[in-house]
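Structural characterization, general
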Amino acid sequence: MEVIKTPKIENVRMLDRYNNRKPSTGTLYLTATHLIFVDPDAKKETWVLLMHVATVQKLPLSTVGAPLQIRCKTFLSVTFVLPRERECHDLYTSLMQMSQPFHIEDLYCFHYTSSLEEIPRTAGWTFFDLETEFQRMGVPNSNWTMTNLNKDYQLCDTYPQCLFVPSSVSTIVLVGSASFRSKGRLPVLTYLHKNQAALCRCSQPLSGFSARCVEDEQLLNGIVQANPNAKFMYVVDTRPRINAMANRAAGKGYENENFYENIKFQFCGIENIHVMRSSLSKLLEACELKTPSMAAFINGVQSSGWLRHIHAILDTSLLVARSLKEGVNVLVHCSDGWDRTAQVCSLAQVLLDPYYRTLQGFQSLIEKDWLSFGHKFTDRCGYLQSDAKETSPVFTQLVDCMWQLQRAHPSAFQFSERLLLHLHDHVYSSQYGTFVGNCEKDRLDLKLSDRTYSLWGNIASHLDEFLNPLYKSDAYTELLEPNLVPSNILFWRGLYCRFESGVHPRESIADVLLATRDHSTSLEMHIAHLQKRITAMKTLLDVSTPVTDNRLAVDDEDDEQQLGLSLKKSMQVVDDHPLSTSKSADSVFSDGPNIENSITSSYQLRREIDSVCIDWRSLRNIKECVCSTPFDHSSKKSHCWRCGEVFCTRCLDKQTPLPGHATHRPVPVCRACYREVRLSSSSITST
């Protein structure tokens with residue numbers, strides 16, 4: 001590429017904040033997608049995805065070279081010391097251009113090709129359908145109906161095509177309300193609880209100091225009437241009251257209680273995107289103190305206000321969830337209805353509905369309340385070179401809130417912390433087209449489903465990595481009520497400090513539990529298979545013609561053939577047994593009546609027993625993969641189910657059924673075992 005002026009720089013030093021005396025020395029490579037640092041002596045590679053780069057800063061020259069500090073959206077912070085200032089400047093210029101392209105067509109997703117051939121480009125794109133999701137809630141019904149007014153995005157270009165509104169309101173009311181709401185984002189349904197309480201969302205009204213809209217008042221009244229169990233409705237404005245009042249001067253603001261009947265208003269005090277961006281910046285400063293100490297770190301975290309903001313979001317979400325549980329409708333909005341509104345609506349549904357705590361349900365929730373209803377991912381994640389004031393860690397806060405809930409209720413969620421980290425990283429990577437664009441219309445115009453891969457397809461191919469071994473589907477069937485006292489809102493070390501060595505346990509508890517679960521599953525499937533084999537052999541012995549000792553002593557060929565025929569006839573009685581391959585007389589002796597064919601059966605049985613490893617290697621004290629990739633606290637260690645050895649994710653990329661398992665479910669195996677199983681299967685088939 002023309003922007004890559006220096007693709008390779010040797011004798012580069014990578015500084016470690018906690019060990020300045022022994023910096024890593026190696027070679028720095030700049031490719032079209034990654035910045036790669038290779039330290040051959042330590043057998044260490046550091047990969048930085050260019051789309052993850054948030055800031056690049058040239059530090060003052062030192063006696064050893066020109067330092068360049070790179071901070072990433074994944075909270076990785078690295079400092080390279082380049083031998084020459086010119087090389088430092090060239091790298092700085094290249095990173096600034098490549099980390100934030102000018103044109104959306106230059107994003108990583110339009111050039112990325114999956115390394116796994118078995119994952120087609122279409123995988124994951126048909127996973128979610130908005131109408132199907134509302135049908136799961138029982139919508140449409142007598143109180144709620146679907147309108148096609150936004151079929152061509154003419155009513156609101158940041159809303160989905162199909163909108164669900166009260167059955168009692170007319171088209172004129174909907175059009176009038178849309179003209180009175182910021183960006184045309186009128187009140188619509190996003191979730192219907194089983195008690196018929198509705199969660200609706202919208203943007204702020206264009207009320208100014210005294211303006212009113214009769215159609216908007218009628219629409220809110222229609223929402224109240226759509227719930228037969230309550231005579232009033234809550235309107236939750238997620239902003240601080242002072243902010244809402246300030247917006248009145250710009251012709252916006254909030255609903256006037258004098259014009260809306262049967263409405264109760266509530267302000268909740270969640271700050272805007274600019275405050276959140278500044279708060280995260282202060283939090284990261286506390287994580288990167290030059291002279292770290294416990295007191296300085298705690299003071300830095302507290303003064304950043306980040307945990308206070310997380311608490312405000314969770315507290316507001318719990319307020320909404322409790323109101324819905326009590327059977328009262330809730331309408332949520334902020335300024336434009338695509339940041340704080342998305343956070344509160346989605347978290348309230350997680351607290352209310354166990355479905356959204358499953359892997360499939362959580363993906364549906366993100367598709368519905370974030371992608372379909374127009375969260376501005378392109379702007380908030382800073383994919384392109386644009387106004388920096390539009391970036392904000394809105395989705396990071398959602399992931400943080402989900403982690404707080406997971407930590408408080410470890411058995412309530414089907415997915416683990418690893419899914420949250422994976423999701424967070426790929427939202428900012430633009431490697432997949434799932435989150436590119438600011439709304440549904442943008443994604444359709446870009447034809448992302450035809451031109452890019454979906455993140456959901458990637459997750460579906462690695463489901464075992466993201467499952468929570470402590471999950472109990474029947475543990476929390478009702479409202480999830482976390483204890484939100486300030487002391488329970490914790491700093492998430494696993495996200496904001498995950499690349500810092502020395503602050504994490506040697507092995508992740510979740511990884512150890514997953515390995516134990518997988519090992520137990522493998523042994524259970526192997527036991528079930530052996531039980532089938534034993535049962536089959538017992539059946540053969542029970543139904544066979546009794547054989548005398550003299551018969552067994554005969555060793556001439558004719559008598560052996562007679563014995564083989566006897567066994568073959570006996571197998572006809574157990575055609576339905578798992579050992580039988582058809583309704584005919586096929587059996588373990590299917591190649592012929594000769595008793596010598598039992599050698600084939602013995603070989604097959606031995607192959608089945610040897611295909612399952614009984615003792616898996618412990619995860620403890622394994623410092624590197626067989627490919628020499630070192631393991632750190634953030635690396636996923638995975639077992640091969642056939643040989644029991646530990647590999648990195650890159651080496652354990654094959655799946656195949658094992659002959660020794662009762663089920664034919666494909667399981668993870670290393671490449672060497674994959675070849676052996678395939679070769680053995682082909683030899684069995686050919687014989």
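As the structure is a prediction and not an experimental result, all values here were calculated from the model.

1. A few points about the overall build of the protein
When you go through the protein residue by residue, the secondary structure sums to 23 helices and 18 strands. For the protein, the proportion of its 687 residues judged to be buried stands at 52%. Accessible area for the protein stands at about 32100 Å²; split by element, carbon and sulfur atoms hold 52% of it.

2. Some thoughts on the packing of helix α10 (residues 359-372) against helix α13 (residues 417-429)
The geometry of α10 relative to α13 is characterised by a closest axis approach of 12 Å and an angle of 30° between their N-to-C directions. Judged by the inter-axis angle, α10 sits roughly parallel to α13. For the pair α10 and α13, the sense of crossing is right-handed. Where α10 approaches α13, its residues Leu359, Phe362 and Ile366 are matched on the opposing element by Leu419, Leu420 and Leu423. The residue inventory of the contact of α10 with α13, partitioned by class, reads 6 nonpolar, no polar and no charged.

3. Here we look at the pairing of strand β2 (residues 24-30)
The buried count for β2 comes to 5 of 7 residues, which makes it a mostly enclosed element. Summarising the sheet, strand β1 (residues 8-14) and β2 pair through 5 bridges and their orientation is antiparallel. When the sheet's bridge partners are listed, Ile9 is paired in β2 with Leu28. Pairing analysis gives 4 bridges linking β2 to strand β3 (residues 34-39), with the strands arranged antiparallel. Looking at β3, one finds that Tyr29 is bridged to Ile36.

4. Describing the nonpolar core
If you look at the biggest cluster of nonpolar residues, it comprises 126 residues, and the most contacted ones within it are Phe435 and Tyr496. Broken down by element, the residue count for this core peaks at 10 residues, all from helix α8 (residues 306-325). Built from parts of two domains, this core gets at least three residues from each of domain 1 (8-99) and domain 2 (130-287 + 300-504). Dropping the residues within four chain positions of it, Phe435 is found in contact with Ile366, Leu371, Phe377, Tyr383, Leu423, Val427, Arg443, Leu455 and Trp456. Residues Leu68, Leu76, Val78 and Leu95 belong to the second largest nonpolar core, which totals 24 residues.

5. Describing the side chain of Arg185
Within the fold, Arg185 resides in the loop between α3 (171-180) and β10 (188-192). The side chain of Arg185 sits in the buried core without any salt bridge; Asp336 is the nearest counter-charge, 6.9 Å away. Among the polar contacts made by the side chain of Arg185, one reaches the side chain of Thr158 at a distance of 2.8 Å.

6. A word on the sheet that holds β3
With antiparallel pairing, the 7 strands of this open sheet are ordered in space as β4-β3-β2-β1-β7-β6-β5. The open sheet has two edge strands with one neighbour each: β4 (44-49) and β5 (53-58). Here the strands of the sheet are splayed against their neighbours by 30° on average, with no regard to which way each runs. Pairing geometry for β3 and β4, over 6 bridges, is antiparallel. Bridging across to β4, His34 finds its partner in Leu49.

7. Quick word on the sheet that holds strand β11 (residues 198-202)
Read across the open sheet, the 5 strands follow the order β10-β11-β14-β12-β13; overall the sheet is mixed. In the strand order of this sheet, the two ends are held by β10 and β13 (263-267), each with one partner. On average, each strand axis in the sheet is tilted by 25° relative to the strand beside it, whichever way the strands run. Pairing of β11 with strand β14 (residues 329-333) involves 4 bridges; the strand directions are parallel. Paired with Arg201 across the strands is Val332, a residue of β14.

8. Some words on the UniProt feature "binding site: substrate" (unreviewed entry) in the protein
The UniProt record marks Asn272, Ile273, Cys334, Ser335, Asp336, Gly337, Trp338, Asp339 and Arg340 with the feature "binding site: substrate" (unreviewed entry), using the residue numbering of this structure. With the annotated positions falling across 69 residues, the maximum pairwise C-alpha distance of 12.3 Å places them together in a single cluster. Structurally, Asp336 is set in the loop between β14 and α9 (340-352). By relative accessible area, which is 16% here, Asp336 ends up buried. If we skip the residues at most four places from it in the chain, Asp336 touches Ser182, Lys183, Arg185 and Ser203. A polar side-chain atom of Asp336 sits 2.6 Å from a polar atom in the side chain of Ser182. With respect to the element layout, Gly337 can be found in the loop between β14 and α9. For Gly337, the contacting residues outside a window of four places in its chain are Arg185, Arg201, Cys202 and Ser203.

9. Details of the pattern of salt bridges
Applying the stated criterion across every chain yields a total of 29 salt bridges. With a closest N to O distance of 2.9 Å, Glu255 and Arg181 form a salt bridge. Of this pair, Glu255 sits in the loop between α5 (241-248) and β13 while Arg181 sits in the loop between α3 and β10, and the two are 74 residues apart along the sequence. We classify Arg181 as buried; its relative accessible area is 1%. Between Lys368 and Asp369 there is a salt bridge, and its shortest N-O distance comes to 2.5 Å. On the accessibility criterion, Asp369 (0% relative accessible area) is buried. Three or more residues are tied together by salt bridges with common partners; here these are Asp339, Lys376, Asp379, Arg380 and Glu390.

10. With respect to α13
Between its terminal C-alpha atoms α13 stretches 19 Å, which fits the 18 Å expected from 13 residues at 1.5 Å a residue. Burial analysis of α13 places 12 of its 13 residues in the buried class, the great majority of the element. Along α13, the positions that sit buried rather than exposed are Arg418, Leu419, Leu420, Leu421, His422, Leu423, His424, Asp425, His426, Val427, Tyr428 and Ser429. Ser430 sits one or two positions beyond α13 and adopts a positive phi of about 55°.

11. Some details on the pairing of β11
In terms of burial, β11 is a largely internal element, 5 of the 5 residues being buried. The alternating pattern of β11 places Ala198, Cys200 and Cys202 and Leu199 and Arg201 on opposite faces, both of which are buried. One ladder, built from 4 bridges, connects β10 with β11; its direction is antiparallel. Paired with Val188 across the two strands is Arg201, which belongs to β11.

12. Details of the packing of aromatic side chains
To describe a pair of aromatic rings, you give the distance between the ring centres and the angle between the ring planes. For the structure shown, the criterion picks out 25 aromatic pairs. Geometrically, the ring pair formed by Tyr108 and Tyr112 is edge-to-face, given 5.7 Å between the ring centres and 70° between the ring planes. Of the two residues, Tyr108 and Tyr112, neither departs from the other in class, the shared state being buried. Ring plane angle 85° and centroid distance 5.3 Å describe the contact between Trp370 and Phe395, whose orientation is recorded as edge-to-face. Within this pair, whereas Trp370 is found in helix α10, its partner Phe395 is found in helix α12 (residues 394-408), the two being separated by 25 residues in sequence. Following the ring pairs from residue to residue traces out a cluster consisting of Phe127, Trp370, Phe377, Phe395, Phe435 and Trp456. Positioned over the ring face of Tyr92 is Lys58, at 5.1 Å from the centre of the ring. Above the ring of Tyr254, the side-chain terminus of Arg248 is found at 4.2 Å from the ring centroid.

Scoring rules and cut-offs
- Residues numbered from 1 in each chain as written.
- Predicted model: local features only at pLDDT ≥ 70, side-chain atom pairs only at ≥ 80, totals over all residues.
- Heavy atoms only, no water.
- Helix = DSSP H or I, 4+ residues; strand = E, 2+ residues; numbered from the N terminus.
- Buried < 20%, exposed > 50% of the residue type's maximum accessible area, 1.4 Å probe, protein only.
- Areas by Shrake-Rupley, 256 points an atom, 1.4 Å probe, with all protein chains shown as cover.
- Axes fitted to C-alpha atoms, helices over the stretch in contact; angles between N-to-C directions.
- Parallel < 35°, antiparallel > 145°, perpendicular 65-115°, else oblique.
- Left-handed = near helix turned anticlockwise from the far one by under 90°.
- Contact = heavy atoms within 4.5 Å.
- Nonpolar A, V, L, I, M, F, W, Y, C, P; charged D, E, K, R; others polar.
- Pairing = 2+ DSSP bridges.
- Core = buried A, V, L, I, M, F, W, Y, C linked by side-chain atoms within 4.5 Å.
- Domains from an automatic or database assignment.
- Lys, Arg positive; Asp, Glu negative; His and termini not counted.
- Salt bridge = Lys/Arg side-chain N within 4 Å of Asp/Glu carboxyl O.
- Polar contact = N/O pair within 3.5 Å; in protein donor to acceptor, adjacent residues only side chain to side chain.
- UniProt positions renumbered as here; feature names shortened; annotations may be inferred.
- Expected span 1.5 Å × (residues − 1).
- Phe/Tyr/Trp six-rings, centres within 6.5 Å; stacked < 30°, edge-to-face > 60°.
- Lys NZ or Arg CZ within 6 Å of the ring centre and 35° of its normal.

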